[in-house]
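A closer look at the structure
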Amino acid sequence: LGCLACLSLGIVLASQPNSAIALQAFPNSAQVEEVGPGNQRLELSVGGSRVLRFPYDVPRVQIEETTVGARPVSPNEIMIQGVRACAAALYVYDPRGQFQTIEILVANDIRPLTDALESLFPTAQVRIRPLNQSVVVTGQVASVDQAAQIMEVTRDFFPTAINHLQVDVNHK
């Protein structure tokens with residue numbers, strides 16, 4: 001899935017109700033998401049968590065990367081947490097041994113950066129796109145100086161940020 005190290009880690013939830021993959025603590029309040037049938041895709045921020053609720057009891061899960069932590073919260077719910085930016089596959093087994101694949105993309109949390117940019121440059125039209133270990137900064141700015149200032153702030157959060165800002169030549 002594009003990561004250097006892939007680790008297949010199986011957990012038998014029924015016999016180990018308190019098992020956890022991630023070393024980080026899971027927050028108490030996580031968004032609950034109902035999971036339907038079939039393969040699914042889920043996006044999650046580093047440090048973010050979500051409870052996945054299945055229409056069946058989950059006796060076992062398998063994770064194909066250590067970028068996602070998982071632990072049971074009830075017989076049909078699993079809490080997942082983004083540990084580091086990358087992609088992972090979560091295989092969720094039903095009581096009959098059939099499994100469902102959930103592709104999980106864990107991206108860097110860009111909210112602190114976007115909050116800072118919105119506060120410091122309220123007229124700039126800037127968009128931040130997270131990458132594996134960096135971000136791409138796109139949008140329209142008023143001047144070359146403003147673009148440099150925006151990139152200076154961005155690189156305080158992501159030192160290898162990529163600048164795709166465009167200067168609006170019609171800006172007065």
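The preceding data block contains the structure.
Let me begin by describing the structure that accompanies this report. (Residues numbered from 1 in each chain as written. Predicted model: local features only at pLDDT ≥ 70, side-chain atom pairs only at ≥ 80, totals over all residues. Heavy atoms only, no water.)

**A closer look at the side chain of Arg50**
Mapped onto the fold, Arg50 is located in strand S4 (residues 49–53). Among the polar contacts listed, one links the side chain of Arg50 to the backbone oxygen of Glu43, at a separation of 3.1 Å. (Helix = DSSP H or I, 4+ residues; strand = E, 2+ residues; numbered from the N terminus. Polar contact = N/O pair within 3.5 Å; in protein donor to acceptor, adjacent residues only side chain to side chain.)

**Considering helix H2 (residues 144–157)**
Over its 14 residues, H2 extends 20 Å from the first C-alpha to the last, a length consistent with the 20 Å expected when each residue adds 1.5 Å. For H2, every residue scored as buried is listed here: Gln146, Ala147, Ile150, Met151, Val153 and Thr154. Along the axis of H2, the buried positions cluster into a sector of 160°, meaning they face one direction only. In H2, the exposed positions that point more than 90 degrees away from the buried face belong to Val144, Asp145, Glu152 and Asp156. Of the surrounding elements, those touching the buried residues of H2 are helix H1 (111–120), strand S10 (125–130), strand S11 (135–141) and strand S12 (162–167). (Expected span 1.5 Å × (residues − 1). Buried < 20%, exposed > 50% of the residue type's maximum accessible area, 1.4 Å probe, protein only. Arc of directions from axis to C-beta. Contact = heavy atoms within 4.5 Å.)

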